[in-house]
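# Commentary on secondary and tertiary structure
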Amino acid sequence: MELPPQFDPVLLKVTPLIEAEYAAVVILACVLIFWRTRELSQLTGHRGIQYFRYTFLFFAFSYFFRFFGIVNQIGRYVDLRPHLNLVTFAIIYVSSAAVLYLLFSLIWKKLRTSRTQDTWIIHGTALAIATVSVVFRYTELFILSQILILLSAAVLSVYLRYTSKKKKGFSQFYYIYILLFVFWIVNTIGFAVPRFFPDIKLIVYAVSTTLFLIILYGVLNKTGGGK
Amino acid sequence: MRKRDRLEVIHDMLKVIADHNNAIKPTPLLRYSNLSSQRFAEYFGELLAKEFVTEEQDKKGRKVIALTDRGYRYLQRYDTIRGFIDDFNL
């Protein structure tokens, strides 16, 4: 059985060790962000904080499944070939949920929806994207959906910020979000279409890792001192 | 007067209790909170549900409202919470 390009070791051009290190650092950063914001979320029940936490939880899941799929295939530790559609489905589902949670963390105040409705919208949309992408082998839908969510987040957050009575301008993390989104899209394209940037994969990995670490630093800095 | 958001209202109510030696009767709390009776009832219910406050009896047997450890923790962490929400555009 021929391997899908996402899991082809020749096209990946990175060793399992690099994939493992990249995934491990990002997963660790995401888990730490999730863990360090736990108290703020529990104390306030604030929807923005809750969605922010879920964003990084789902990013962690996404990197876990991705790592699991790639490393197992390259290393041939376990023959995943019969289950690759399931792994791909899981990656697309949790990745879509992560970016949707990030979008909702920015716009939830302006939506007239309840927390439960938001959850249904996020997971329903992620499920639909994953199902269509895997069942119809329509990888472009996955990439397009991520780009669409990125553009929506950028446009809506600019609009909301300038129509807000509270204050103008953006915090430093707004720009980090945008960069994270952009590199997330590049990562997504790199995963779905490995021929797209095999030679600059290491640079993309390094920048993505740095962005996650900057957000982690911000979270540790902002939540520190209260323990 | 600027409209306060939910987190700020909760903070203000908890601060009123703390400023009154952690024992205040419901009526003065309502007055100091600057809320309508209906909104006060909603917020007070939330404070009880989240275990930020408890209803106790003072030495004269009157009902008073006191902060729990969790309520104190909220007050302690309020600036951090506010800063976090603003910095991450939440």
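The structure under discussion appears in the preceding block.
The structure reproduced in this document is the subject of the present report. It should be emphasised that the depicted structure is a prediction, and the values quoted were computed from it without experimental measurement.

### Digging into the packing of helix 5 (residues 84-107) of chain A against helix 6 (residues 115-135) of chain A
Residues and elements named next belong to chain A. Two numbers describe how helix 5 lies on helix 6: the axes approach to 8 Å, and their chain directions differ by 145 degrees. Seen along the crossing, helix 5 lies across helix 6 with a hand that is right-handed. For the contact of helix 5 with helix 6, a count of residues per class yields 14 nonpolar, eight polar and one charged.

### Some thoughts on the environment of Leu86 of chain A
Summarising the element assignment, Leu86 of chain A is placed in helix 5. Sequence spacing of Leu86 of chain A and Val134 of chain A is 48 residues, and the spatial spacing of their C-alpha atoms is 8.5 Å.

### Describing the interface of chain B and chain A
Contact residues are listed per partner, giving 18 residues for chain B and 31 residues for chain A. When chain B packs against chain A, the two sides together hide about 2,200 Å² of surface, and 56% of this comes from carbon and sulfur. Looking at the side of chain B facing chain A, the largest losses of area belong to Phe88, Asn89 and Leu90 of chain B, adding up to 33% of the total buried there. Salt-bridge contacts for Lys222 of chain A lead to Asp87 of chain B; the nearest nitrogen and oxygen are separated by 2.6 Å. Put simply, chain B and chain A have seven residue pairs in polar contact (both at pLDDT 80 or more) between them. No other element matches the eleven residues that helix 4 (residues 69-87) of chain B contributes to the side of chain B that touches chain A.

### With respect to the nonpolar core
If you look at the biggest cluster of nonpolar residues, it comprises 76 residues, and the most contacted ones within it are Phe52 and Ile215 of chain A. Here the element with the most residues in this core is helix 5 of chain A; it accounts for eleven residues. Setting aside residues no more than four positions away along its own chain, Ile215 of chain A makes contact with Ile33, Phe52, Phe56, Phe173, Ile176, Tyr177 and Leu180 of chain A together with Phe88 of chain B. Grouped together as the second largest cluster of nonpolar side chains are five residues, Ile92, Ala130, Val134 and Phe142 of chain A included.

### Focus on the packing of helix 2 (residues 26-33) of chain B against helix 3 (residues 37-49) of chain B
All names here are of chain B. Where helix 2 contacts helix 3, the axes come no closer than 10 Å and their chain directions differ by 110 degrees. One finds that helix 2 runs roughly perpendicular with respect to helix 3. When the axes of helix 2 and helix 3 are compared, the crossing they make is right-handed. Along its contact with helix 2, which presents Pro26, Leu29, Leu30 and Ser33, the element helix 3 presents Ser37, Phe40 and Phe44. When the residues that make up the contact of helix 2 with helix 3 are grouped by side-chain class, the tally is five nonpolar, two polar and no charged.

About the cut-offs
Residue indices follow the written sequence of each chain, beginning from 1 at its first position. Chains and ligands are labelled by the order in which they are written, letters from A for the one and numbers from 1 for the other. Owing to the predicted nature of the model, reporting of local features is limited to residues with pLDDT of at least 70; listing and counting of side-chain atom pairs is limited to 80 or more, with chain, interface and lining totals taken over all residues. As a rule here, side-chain values come from all non-hydrogen atoms in the structure, and water together with hydrogens is ignored. A fitted line through C-alpha atoms serves as each axis, taken over the contacting stretch for helices, and the angle formed by two N-to-C directions is quoted from 0 to 180°. Where helices and strands are cited, they refer to DSSP runs of H or I of at least four residues and of E of at least two residues respectively, numbered from the N terminus. When the near helix sits turned anticlockwise from the far one by under a right angle, the crossing is termed left-handed; a clockwise turn instead gives a right-handed crossing. Gly is placed with the polar residues, together with every amino acid not listed as nonpolar (Ala, Val, Leu, Ile, Met, Phe, Trp, Tyr, Cys and Pro) or charged (Asp, Glu, Lys and Arg). Should any heavy atoms of two residues lie within 4.5 Å, those residues are counted as being in contact. In this description, buried area is defined as the sum, over both parts, of the accessible area (probe of 1.4 Å) that is lost when the two are combined. Within this document, salt bridges are pairs made up of a side-chain nitrogen of Lys or Arg and a carboxyl oxygen of Asp or Glu, the two lying within 4 Å of each other. Side-chain atoms alone can form a polar contact between residues adjacent in sequence; in general such a contact is a pair of N or O atoms within 3.5 Å, and within protein one must be able to donate a hydrogen while the other accepts it. Only buried Ala, Val, Leu, Ile, Met, Phe, Trp, Tyr and Cys residues count toward a nonpolar core, and they belong to the same one when joined by side-chain atoms within 4.5 Å. In this scheme, a residue with accessible area under 20% of its type's maximum is buried, one over 50% is exposed, and one in between is partly exposed, where area comes from a 1.4 Å probe on protein chains only. Should an angle fall under 35 degrees it is taken as roughly parallel, and over 145 as roughly antiparallel, whereas 65 to 115 is taken as roughly perpendicular and any remaining angle as oblique.

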